[in-house]
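The chain contents come next:
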Amino acid sequence: MASSMMGQLVSPLENGHHVWEDQSFIKWKKRDAHVTLRCHESIEGSLKYWYERNKVNFMVSNSAPWNDDAVPEALDSAALWIKGLPFVESLSGYWKFYLASTPGNVPLNFYHTAFQDSEWETLPVPSNWQMHGFDRPIYTNVEYPFPLDPPFVPVDNPTGCYRTDFVIPKEWKGRRILLHFEAVDSAFCAWINGVPVGYSQDSRLPAEFEITDYCYPCGTDKKNVLAVQVFRWSDGSYLEDQDHWWLSGIHRDVLLLSKPQVFIADYFFKSNLAEDFSYADLQVEVKIDNSQETSKDSVLDNFTIEAALFDSGSWYSSGGSADLLSSNVANLKLDLSPRTVLGFRDYLLVGRLEVPRLWSAEQPNLYTLVVILKDTSGNIVDCESCLVGIRQVSKAPKQLLVNGHPITIRGVNRHEHHPRLGKTNIESCMVKDLVLMKQHNINAVRNSHYPQHPRWYELCDMFGMYMIDEANIETHGFDYTGHVKHPTLEPSWATAMLDRVMGMVERDKNHACIISWSLGNESGYGPNHSALAGWVRGKDPSRLLHYEGGGSRTPSTDIVCPMYMRVWDIVKIAKDPNETRPLILCEYSHAMGNSNGNIHEYWEAIDGTFGLQGGFIWEWVDQGLLKDSADGTKHWAYGGDFGDVPNDLNFCLNGLVWPDRTPHPAMHEVKYVYQPIKVSFSEGTLKITNTHFYETTKALEFCWAAHGDGCELGSGNLSLPLIEPQKTFHIELQSAPWHTLWASSSAEEFFLTISAKLLHATCWVEAGHVISSTQVQLPAKREFVPHVIKTKDTTFLKEILGDTLKVGQQNAWEIILNLKMGTVESWKVEGVPLMTKGIFPCFWRAPTDNDKGGGASSYSSKWQAAHIDNLHYITKSCSVQNMTDHLVKVAVVFLGVPNSGDDSGVEDTNALIEIDVIYTIYGSGDVVVECNVRPSSDLPPLPRVGVEFHLEKSIDQIKWYGRGPFECYPDRKAAAHVGVYEKKVSDLHVPYIVPGECSGRADVRWVTFQNKDGLGIYASIYGSSPPMQINASYYTTAELDRATHNEDLIRGDDIEVNLCRFKRYSIMVYGVSGSS
């Protein structure tokens, strides 16, 4: 059969026309988009398939590989996903591969069966070829990696040539064969046995071709040859300018599907709930393919179409083997009444489900839908199935409703990203993402910015995750050119844009998790978007529509969905009486490096303002790629590390988690602001609020712990009545179980922590997991008494030799001050050196990634323009003010001047900052340091205001009373409880891929630095001073600023310590921020 077709078909690549540079030519011989097909042989087979496929829990995530082990694991996942499907074969494996520099350099007739490929290399499929040593990855955010000249792409267009072979199983005899590519980047053409069978674009959606007539007959041992030519660049690349790595190849699975001559080609499940949710009217629109039949008579003359609904939730409750067929809860029959929908040609099945178990992110109840095609004898001809949820998505003034409730979106944006594989997916890695999200109270995901792997949607259905499904359209790079119109304004691009939206909706339409479709991202706004919106609303009015482009409030969006809008501006929109749509931030709290500051301010507004329904943090994962270092180790690379030009450096590192899914410290803050149990204390009353919309507190165990001045005073379980969704329970202080402890406590500070734990394991976590934990401060029982240093009667040494002041107590301690410089030259305790240099002013810290955002207007640029990063401290004066038997007082005036390398001729007028420092050294060994800072009025907000000193590297044990135990800052500390914590200095360092300010601890009352023998330094607030921000690191500020990769950092010979004052929005501040 195959050889007879050779002369009948001509590949679109063979007529001389560059179809990959023609936006009007987007596909050839490609079948219409449809839901994922399973090709079951029976109802029982379909139920067994889902029975096994649904057995997913957090244990799976423990085996997620992030290194070279991921390569074979990707192939194993491809096999896993088709297990139990007798009419589906995976072609995933090692294929022959050749990379040509241009389409014109592709080996002649490489797609012929007789072509010799023995000299070619091999490449795993699925994969991105750049992740296996071919070509190079390119990272850009906005700029296209080639000249903007649509629809043309560079002549130098790496082109991958693939070859593999397969045999059709004899059990498939007489059936039709479909070749299914789940995704290929960016455009490709395929041949079977030398015959061209199809061409497609869109790097994130399937392409399917019928190949029945081109394959060798079943039962022969003759191998069919599949050849594929993949273009790195195509006109489609102009629609795929997302903020991620440009990677190429067959990056999702390749399948063979076997179908009968007449088969179920597509189906659309819908449920219409009664007003009181007591029942659901069910509909399934079914499309039948009978295109190969010689007779085009009605399908209904020869076949019957049915559907059945099974309660998947009952399968695992019995403990033994489940009777799957007995879980049938509804049957749907053909509705032959005349259709009123214009152009409707499908078949409609209808039924009713009484007392449905509704789907939501809190309660992800699922059913299994089975659609059956039978012949006139009642034999099953074809069978398809999927998971479905019964739920209602609707709108009310300023509200998005799910099952009648105005849900809150506690979301995150997620790119598909694996540090070793690029865009290729693994089951355990997807599960890992969902497990971490659920454990940190994330309940929604925006697929940024393209449709993702089909399995991702099934997992989101099962785990309970609201989803915005986004079309693979972004044309951000057009924003910065004046000579080329946005594609949305060009009719010639309309078909390509609509095809991408249609393909997404048709593939994903049966997934309960999807509550909104998105038309894409950052693609301007124009007539083409109006057309896309019109089609989606006509096809699926059961969901909302989202699109941020054009200002986030166009007629093509049902949600006001701005990105990075300020808190006061979102509140203003929510309070606008003329705006009836809910506001959900499509991107906010830019999680680049040490970030996510002030996220609590967003949630104070969201929780307290009608019309605000949450948002999606940008973004989930640092998009670092594994790269071999010169020494043989591997590190996470970013833009430019592969010699890629142009590039946007580390702007791909915006995640809440590292590439291997280790959470950043900021995840604690996200978990806290997203937690569903809210606790507050005011006027003697503790309020515990259940912010869930569907779940009571039945599955939770509450506990309390009381601390006084950092010491635990008591703890216990907290017995509470059942708190219904959206309800609050009040506990009066006098009747609380901790009242006696509080009333009898002499502590200056009394903190109460209320936690809620899961009583039972779920699919995403084991029992005992803390979903919410809040610390509140109760009023102190006694007034704060400032610490007073008690002077000892013992005399101590006081000696001035030239420019040196030596004070101390024999065999106990010794401090040497340089009276010329006004700094400490040495500090010893029991003869052991502690401080090597200090104490001097400090106003600079290594910039964070967000500090650098914004070019010349960024804080980093402003600080450097003001020379804050290069201050040199000149001692204007230093004198001994007082010397008694019990103390020595030294006054120093420092001038902070730009460092020119020459101290001569420095005038007071050159000083940017003047600092008065008074050292008071007591006979007890205590030192009080008082600082008064006078900055120039024209300076930008200072990154830090404090003092710096250096300790011997052996003084490596740190203990503090303040917030912790994890890294926290003045604008990111709500999750960090006040307590006493201990760590090694080396463990404070946070290995952000690009180094910067890190390892801070907020609201510290006191801190000790000690060696293994317990000798060291104690520092605390004094008098009425507020708590400190502290840092301690083996890496100096200059080193954190210098290094461009964490592995490039060079440890110093001592420990740099900073004790600082932060206060947002004043001259004494700068937190870590969370904007872009």
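Parameters at a glance
- The written sequence of each chain sets the order in which its residues are numbered from 1.
- pLDDT decides what is reported in this predicted model: residues at 70 or higher carry local features, side-chain atom pairs at 80 or more are listed and counted, and totals for whole chains, interfaces and linings draw on all residues regardless.
- Hydrogens and water are ignored here; the side-chain numbers use all heavy atoms of the structure.
- Pairing of aromatic rings covers Phe, Tyr and Trp, the last through its six-membered ring, and needs centres within 6.5 Å; plane angles under 30 degrees mean stacked, over 60 mean edge-to-face, and all others mean tilted.
- Starting at the N terminus, helices and strands are each numbered in turn, a helix being any DSSP run of H or I of at least four residues and a strand any DSSP run of E of at least two.
- Note on classification: 1.4 Å probe, protein chains only; a residue is buried when its accessible area is under 20% of the maximum for its type, exposed when over 50%, partly exposed between these limits.
- Throughout this description, a polar contact denotes any pair of N or O atoms lying within 3.5 Å of each other; where both atoms belong to protein, one of them has to be capable of donating a hydrogen while the other can accept it, and for residues adjacent in sequence the pair is counted only when both atoms sit in side chains.
- DSSP-based pairing: two strands are paired if at least 2 bridges between them are found.
- Angular values range over 0 to 180 degrees, each being the angle between N-to-C directions of two axes fitted as lines to C-alpha atoms, with helices fitted over their stretch in contact.
- In this analysis, two residues are considered to be in contact whenever any of their non-hydrogen atoms come within 4.5 Å of each other.
- Note on definitions: salt bridges are taken to be side-chain nitrogens of Lys or Arg within 4 Å of carboxyl oxygens of Asp or Glu.
- It is the rotation of the near helix from the far one that decides the hand of a crossing: anticlockwise by less than a right angle makes it left-handed, clockwise makes it right-handed.
- Three classes are used, and their members are as follows: Ala, Val, Leu, Ile, Met, Phe, Trp, Tyr, Cys and Pro are nonpolar, Asp, Glu, Lys and Arg are charged, and the others, Gly among them, are polar.
- Scored between 0 and 100, pLDDT is the confidence that the predictor attaches to each residue.
- What is meant by a nonpolar core is a set of buried Ala, Val, Leu, Ile, Met, Phe, Trp, Tyr and Cys residues, joined one to another through side-chain atoms within 4.5 Å.
- To count as a disulfide, a pair of cysteine sulfur atoms needs to be within 2.5 Å.

Peer 1: Sorry if this is basic, but what is going on with the packing of aromatic side chains here?
Peer 2: Two measures describe an aromatic ring pair: the distance that separates the ring centres and the angle between the ring planes. Under the criterion given, the structure shown has 43 aromatic pairs. Look at Tyr 51 and Trp 315: their rings are 6.3 Å apart centre to centre, the planes differ by 55 degrees, and that puts the pair in the tilted class. You can see Tyr 51 sitting in helix α1 (residues 43-53) and its partner Trp 315 sitting in the loop between β16 (303-311) and β17 (328-334), a full 264 residues away along the chain. Assigned by exposure class, Tyr 51 and Trp 315 land together as buried. Arranged with centres 6.0 Å apart and planes meeting at 75 degrees, the rings of Phe 188 and Phe 209 form a pair that is edge-to-face. Pair noted here: Phe 188 is in strand β8 (residues 187-192) and Phe 209 is in strand β10 (residues 207-210), with a separation of 21 residues, a long-range link. What makes Phe 188 buried here is its relative accessible area of 2%. Owing to a relative accessible area of 0%, Phe 209 belongs among the buried residues under this scheme.

Peer 1: Even after reading the chapter, I still don't get the side chain of Ser 858, so can you show me in this structure?
Peer 2: Its place among the elements puts Ser 858 in the loop between α12 (849-852) and α13 (859-865). Here Asp 851 takes part through its backbone oxygen, which lies 3.5 Å from a polar atom of the side chain of Ser 858. A polar atom in the side chain of Ser 858 sits 2.8 Å from the backbone oxygen of Gly 855.

Peer 1: Explanation requested: the sheet that holds strand β25 (residues 466-470) in the structure shown.
Peer 2: Strand pairing in a sheet relies on backbone hydrogen bonds, with the paired strands running either antiparallel or parallel. Pairing within the open sheet is parallel, and its seven strands lie in the order β27-β26-β25-β24-β23-β29-β28. The strands lining the two open edges of the sheet, one partner per strand, are β27 (544-546) and β28 (583-588). Between one strand axis and the next, the sheet turns by 25 degrees as a mean value, whatever way the strands run. Relative to the sheet, helix α6 (residues 494-508) contacts β25 and β26 (514-518), its axis offset from that of β26 by approximately 165 degrees.

Peer 1: Please explain the pairing of strand β21 (residues 393-396) as it appears in this structure.
Peer 2: The pairing of β21 with strand β22 (residues 399-402) spans four bridges and is classified as antiparallel. From the neighbouring strand, Lys 395 faces β22, where its bridge partner is Leu 400. With antiparallel pairing between neighbouring strands as the criterion, β21 and β22 make up a hairpin whose turn holds two residues, including Lys 398 at a positive phi of roughly 65 degrees.

Peer 1: Please clarify how the pattern of salt bridges should be interpreted in this entry.
Peer 2: Using the criterion set out here, one finds 53 salt bridges in the structure. With its nearest N and O atoms 2.8 Å apart, the salt bridge here joins Arg 252 to Glu 416. Taken together, the positions of Arg 252 in the loop between β12 (244-246) and β13 (254-259) and Glu 416 in the loop between β23 (409-414) and α4 (427-439) put the pair 164 residues apart, joining distant regions of the chain. Per residue, the accessibility class of Arg 252 equals that of Glu 416, and both read buried. Here Arg 357 makes a salt bridge to Asp 311, at a shortest N to O gap of 2.4 Å. In this pair, Arg 357 is assigned in the loop between β18 (347-354) and β19 (367-375) and Asp 311 in strand β16, connecting sequence segments 46 residues apart.

Peer 1: Could you clarify how one ought to interpret the environment of Val 890 in this entry?
Peer 2: Counting through the fold element by element, Val 890 comes out in strand β45 (residues 887-898). The class of Val 890 is buried, set by a relative accessible area of 0%. Considered as a pair, Val 890 and Ala 280 are 610 residues apart in the sequence and their alpha carbons are 82 Å apart. The residues contacting Val 890, other than those within four sequence positions of it, are Leu 805, Leu 817, Leu 819, Cys 878, Ser 879, Val 880, Gln 881, Val 917, Ile 918 and Tyr 919.

Peer 1: Even after reading the chapter, I still don't get the sheet that holds β13, so can you show me in this structure?
Peer 2: Taking strand neighbours across the sheet as the criterion, the four strands line up as β2-β13-β7-β10 in an open arrangement whose pairing is antiparallel. Two strands lie at the open edges of the sheet, namely β2 (88-90) and β10, each paired on one side alone. The mean inter-strand angle of the sheet, taken between neighbouring strand axes irrespective of direction, is 20 degrees. One ladder, built from four bridges, connects strand β7 (residues 176-181) with β10; its direction is antiparallel. In the strand pairing of β10, His 180 is matched with Glu 208.

Peer 1: Explain the packing of α4 against helix α5 (residues 454-463) to me, please; I cannot follow it from the model alone.
Peer 2: In a packed pair of helices, the relevant descriptors are the angle between the two axes and the axis-to-axis distance. α5 packs onto α4 with a crossing angle of 35 degrees between their chain directions and a minimal axis gap of 10 Å. Note that α4 runs across α5; the crossing there is right-handed. Along its contact with α4, which presents Glu 427, Met 430, Val 431, Asp 433, Leu 434, Val 435, Met 437 and Lys 438, the element α5 presents Arg 455, Trp 456, Leu 459, Cys 460 and Phe 463. Residue classes in the contact of α4 with α5 are distributed as nine nonpolar, no polar and four charged.

Peer 1: So what exactly am I meant to see when it comes to the confidence of the model for the protein chain here?
Peer 2: Parts of the model with low pLDDT should not have their predicted coordinates read in detail. Per-residue pLDDT for the protein chain averages 93, and the proportion of residues at 70 or more is 95%. When the criterion is pLDDT under 50, residues 1-7 qualifies, and its contacts beyond four places in sequence or with other chains add up to 16 contacts. Below a pLDDT of 50 lies the segment residues 1062-1072, which in the model reaches 39 contacts outside its immediate sequence neighbourhood of four places, other chains included.

Peer 1: Which parts of the structure should I look at to understand the nonpolar core?
Peer 2: Here is a general trend for soluble globular proteins: nonpolar side chains tend to be buried in one another's company. One finds Phe 181, Leu 226, Ile 688 and Trp 738 to be the most contacted residues of the largest nonpolar core, which totals 226 residues. Membership of the second largest hydrophobic core comes to 56 residues, among which are Phe 796, Leu 817, Val 1004 and Met 1028.

Peer 1: Please explain the side chain of Arg 53 as it appears in this structure.
Peer 2: Tracing the backbone through its elements, the reader meets Arg 53 in helix α1. Classification of Arg 53 as buried rests on a relative accessible area of 11%. Separated by 2.8 Å, the side chains of Arg 53 and Glu 458 make a polar contact. When near neighbours in sequence (up to four residues on either side) are disregarded, Arg 53 contacts Arg 38, Trp 81, Arg 455, Glu 458 and Met 462.

Peer 1: Whenever I open this one, the state of the cysteines confuses me. Can you help?
Peer 2: By definition, a disulfide links the sulfur atoms of two cysteine residues through a covalent bond. Scanning the model with the defined rule gives zero disulfides in all. Unpaired in this structure, Cys 652 has its nearest cysteine sulfur neighbour in Cys 429, at a distance of 18 Å. The exposure class assigned to Cys 652 is buried, which follows from its relative accessible area of 0%. The structure places no disulfide on Cys 878, whose sulfur is separated from the nearest cysteine sulfur, that of Cys 931, by 13 Å.

Peer 1: Is there a simple way to explain unusual backbone geometry in this structure?
Peer 2: Trans is the common state for peptide bonds, and a negative phi is the common state for residues other than glycine. Cis geometry is found at the peptide bond from Trp 618 to Glu 619, where omega equals -5 degrees. Structurally, Glu 619 can be placed in the loop between β29 (612-617) and β30 (625-628). Cis geometry marks the peptide bond from Gly 964 to Pro 965, where omega comes out at 0 degrees. Tracing the backbone shows Pro 965 in the loop between β49 (957-964) and β50 (977-984). Even without being glycine, Arg 661 reaches a positive phi, approximately 70 degrees. Among the secondary structure elements, Arg 661 is positioned in the loop between β31 (634-637) and α10 (666-674). A positive phi is found at Ser 999, a non-glycine position, where the angle reads about 70 degrees.

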